[in-house]
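# Observations on the model geometry
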Amino acid sequence: MSKTVEYFLSPQSPWSYLGHQRLVDLARETGAQVELKPFDLGKVFSVSGGLPLAKRAPQRQVYRLVELERWARFLGMPMNTQPQFFPVSPDAASSLIIAARTSLGADAALDLSGAIMRALWAEEKNIADEDTLAQIANLCGFDGRMLLKSAQTPGVQEQYERNTDEAIAANIFGVPWYVVDGEGFWGQDRLDFVRRALE
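This report concerns the structure included in the present document. (Residues numbered from 1 in each chain as written. Predicted model: local features only at pLDDT ≥ 70, side-chain atom pairs only at ≥ 80, totals over all residues. Heavy atoms only, no water.)

### A closer look at the overall build of the protein
- The number of helices and strands found in the protein is nine helices and four strands.
- Each helix (α) and strand (β) of the protein, taken in turn from the N terminus, gives the series β-α-β-α-α-α-α-α-α-α-β-β-α.
- Scaling as 2.2 N^0.38, a compact globule of 199 residues should have a C-alpha radius of gyration of about 16 Å, and the protein matches this with 16 Å.
- Each of the three principal axes of the protein carries a C-alpha extent, and together these read 45 × 45 × 35 Å.
- Here the protein holds 199 residues, and the buried ones make up 46% of them.
- Residue pairs at least 24 apart in sequence account for 74% of intrachain contacts in the protein once pairs closer than 6 positions are excluded.
- For the protein, the exposed area adds up to about 10100 Å²; of that, 50% sits on carbon and sulfur atoms. (Helix = DSSP H or I, 4+ residues; strand = E, 2+ residues; numbered from the N terminus. Rg over C-alpha atoms; globule rule 2.2 N^0.38 Å. Buried < 20%, exposed > 50% of the residue type's maximum accessible area, 1.4 Å probe, protein only. Contact = heavy atoms within 4.5 Å. Areas by Shrake-Rupley, 256 points an atom, 1.4 Å probe, with all protein chains shown as cover.)

Right, here's the structure in full:
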């Protein structure tokens, strides 16, 4: 019986971007199912003590850039560590991912998530802009306008809120966050432990 990875993410996170394709590949290798759960990281920060980037101490901000460059180089991934459209609201992109999951399935939502994060971190695109999101969805082979309409429905917004409530209840405080058999793993640098849990 295959296992499930609950995948809590926020599409504006560079760390989610760096870990995303590796999680997808890992799930395929192990036969695991991925349950995508985009959530409102800002609300989680408000109850977990997290700080938006601009409010963090200068030395933390500097080291974050060092680590992002180090990981991108190590993984061979294209990345602008200080993209033009950042900070950016993740709400529209998160809703689009949920709409894709609801109407097209998990694989489609994973593909779209990867494309959205790549657009922000490697292609200098504004993922808060609806036209941009529609174009990204179209390039993935989906009907971007249809997905945008679906993303604005009450059901999608309620799911976004439920995901956020689940994250708070599970004591999640950062992204990406993976849960396997009730055990949480914070960060793309914990994917080796996720692999062990799945195997």
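### Quick word on the layout of surface pockets
- The calculated volume of the largest pocket comes to roughly 1100 Å³.
- Together, 33 residues line the largest pocket, and W15, F45, L51, R56 and R64 are the ones closest to its centre.
- Counting residues per element, the ones that place at least two in the lining of the largest pocket are α1 (14-30), α2 (41-48) and α3 (58-75).
- With five residues, α3 is the largest single contributor of residues to the lining of the largest pocket.
- Each residue belonging to the lining of the largest pocket can be placed in one class, and the counts come to 17 nonpolar, eight polar and eight charged.
- What the second largest pocket holds in volume is close to 200 Å³.
- Every residue lining the second largest pocket is listed: Y17, L18, H20, Q21, R22, L75, M77, L110, D111, G114, A115 and R118.
- If you list the elements that add at least two residues to the lining of the second largest pocket, you get α1 and α5 (106-122).
- Across the lining of the second largest pocket, the residue classes tally to six nonpolar, three polar and three charged. (1 Å grid on protein atoms, 1.4 Å probe; cavity = no way out; pocket = protein on both sides within 12 Å on 5 of 7 lines; lining within 4 Å. Points joined across faces, edges and corners; volume = space filled by probe spheres on them. Nonpolar A, V, L, I, M, F, W, Y, C, P; charged D, E, K, R; others polar.)

### A few points about the pattern of salt bridges
- On inspection of all chains with the given rule, the structure shows eleven salt bridges.
- The closest approach of N and O atoms between E166 and K37, which form a salt bridge, is 2.5 Å. On the criterion of sequence distance, the pair formed by E166 in helix α8 (residues 154-169) and K37 in strand β2 (residues 33-38) is long-range, its members being 129 residues apart.
- Of the residues examined, E166 reaches a relative accessible area of 32% and is grouped as partly exposed.
- Across the pair R190 and D189 runs a salt bridge, and its minimum N-O distance is 2.8 Å.
- R190 gets classed as partly exposed once you look at its relative accessible area, which sits at 33%. (Salt bridge = Lys/Arg side-chain N within 4 Å of Asp/Glu carboxyl O.)

### Digging into unusual backbone geometry
- With an omega of 0°, the peptide bond running from F86 to P87 counts as cis.
- Residue placement: P87 occurs in the loop between α3 and α4 (91-104).
- With omega at -5°, the peptide bond leading from V175 into P176 counts as cis.
- Assignment of secondary structure puts P176 in the loop between α8 and β3 (177-180).
- Unusually for a residue other than glycine, E124 sits at a positive phi of about 55°.
- Within the element layout of this structure, E124 appears in the loop between α5 and α6 (130-139).
- Exposure remark for E124: the relative accessible area of 30% places this residue in the partly exposed category.
- Located in the positive-phi region is D181, a residue other than glycine, with phi close to 55°.
- Its place among the elements puts D181 in the loop between β3 and β4 (183-186).
- The exposure class assigned to D181 is exposed, which follows from its relative accessible area of 60%.

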